[in-house]
Amino acid sequence: MNDFNKEILNETAHRPWPMPDSAWIMTQTWNDLLFAHWPVDAASLRERVPASFELDLFDGQAWVGVVPFHMTNVAPRFVPALPGVSNFPELNVRTYVTVGGKPGVFFFSLDAGSSVAVGAAKTLLNLPYFVADMTVDTDVADVKYRSRRIAEPHPAFTATYRGHGDRRPPVHGTLEHFLTERYCLYAVNHRYVAYRLEIHHPAWPLESATAEITSNTMADAAGIRLPSMPPLLHFAKRQDMVCWAPETLT
């Protein structure tokens, strides 16, 4: 069932820059999303991020996020969401970059439980997608999440997490705002040309969160060593979004 909330297109006051003038091309709904973030040495990330993307730091500190969730309403504009095609789990490993005054997200990897979605994203956007064996159990208060990439070295993520219900938008200038309120992603296409892909969604309805992470080798697979410390956690029950076609950077 397509329950995408098109009213989000009228919620723009929170945006750091206006939505693009061109027509958006796709919808997605992100559900039961956990932001798990660790501080990481910026120098260790610099060699893993294309030189055309400036690392975005908060008070001089770089951050890496591991973000599990499951998607619904994944469909091109004017195409209805289809059962089994438009809904699947996804898990990304990310850091933060900025180009031309527009801070965004850079993905080291994106694992998904749909081979169709993985194939499309790799072909059209050259994003580092991988097929994974994934299960998400949301029948109880906790979200039980398990992912294991099909390809070697089979990085995995297993966790049980929940939000605390204290839903609120992040405050501008805070670390949680820096880590979540981003309205584009950056990548390079098949011709190794950098591009920006713009997105829109309401301000994040963040909750504080608790998580028991029993397995997490996702960052290791990208050559990133996370510190031996508990992550900074935030939870969002739902976020509807639209995205635009990528725009190459000159």
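Predicted model, so just to flag it, every value in this text is computed and none were measured.

What to know about the environment of Asp-139
- You can see Asp-139 is positioned in the loop between β6 (129–137) and β7 (143–149).
- Spatially, the C-alpha atoms of Asp-139 and Pro-246 are 36 Å apart, while their sequence positions differ by 107 residues.

Considering the pairing of strand β3 (residues 62–76)
- Most of β3 is tucked away: 13 of the 15 residues are buried.
- Where strand β1 (residues 26–40) lies against β3, ten bridges are found, and the strand directions are antiparallel. Residue pairing across strands places His-37 opposite Gly-65, the latter belonging to β3.

Focus on helix α2 (residues 115–125)
- Here α2 has its buried residues at Ala-117, Val-118, Ala-121 and Leu-125. For α2, the arc enclosing every buried residue in end-on projection is 100 degrees, short of the 170-degree limit, so these residues lie on one face. Across α2 from its buried face, at more than 90 degrees, point the exposed residues Ser-115, Val-116 and Thr-123.
- Positive backbone phi, at 55 degrees, marks Asn-126, one or two positions downstream of α2.

A short note on unusual backbone geometry
- Cis rather than trans, the peptide bond between Glu-152 and Pro-153 has omega equal to 10 degrees.
- Here Pro-153 shows up in the loop between β7 and β8 (156–163).
- Phi angles above zero are rare outside glycine, and Tyr-192 is one such case at about 65 degrees.
- Residue position: Tyr-192 is located in the loop between β9 (184–188) and β10 (194–200).

Focus on the layout of surface pockets
- Its volume calculated, the largest pocket comes out at about 920 Å³.
- Around the largest pocket sit 45 residues that line it, and Met-26, Gln-28, Leu-125, Tyr-129 and Cys-243 are the ones nearest its centre.
- The set of elements that each furnish at least two residues to the lining of the largest pocket consists of β1, β3, β4 (88–99), β5 (102–112), α2, β9, β10 and β12 (232–243).
- Of the residues that constitute the lining of the largest pocket, the class distribution is 36 nonpolar, six polar and three charged.

Concerning the pattern of salt bridges
- Under the criterion given, the structure shown has twelve salt bridges.
- Between Arg-168 and Asp-166 there is a salt bridge; the shortest N-O distance is 4.0 Å.
- Its relative accessible area of 34% is what places Asp-166 among the partly exposed residues.
- The shortest N-O distance in the salt bridge between Arg-167 and Glu-207 comes to 3.3 Å. In this pair, Arg-167 sits in the loop between β8 and α3 (175–180) while Glu-207 sits in strand β11 (residues 207–216), placing the two residues 40 residues apart along the sequence.
- The network of salt bridges with shared partners includes Asp-3, Arg-238 and Asp-240.

Conventions used here
Residues numbered from 1 in each chain as written. Predicted model: local features only at pLDDT ≥ 70, side-chain atom pairs only at ≥ 80, totals over all residues. Heavy atoms only, no water. Helix = DSSP H or I, 4+ residues; strand = E, 2+ residues; numbered from the N terminus. Buried < 20%, exposed > 50% of the residue type's maximum accessible area, 1.4 Å probe, protein only. Pairing = 2+ DSSP bridges. Arc of directions from axis to C-beta. 1 Å grid on protein atoms, 1.4 Å probe; cavity = no way out; pocket = protein on both sides within 12 Å on 5 of 7 lines; lining within 4 Å. Points joined across faces, edges and corners; volume = space filled by probe spheres on them. Nonpolar A, V, L, I, M, F, W, Y, C, P; charged D, E, K, R; others polar. Salt bridge = Lys/Arg side-chain N within 4 Å of Asp/Glu carboxyl O.

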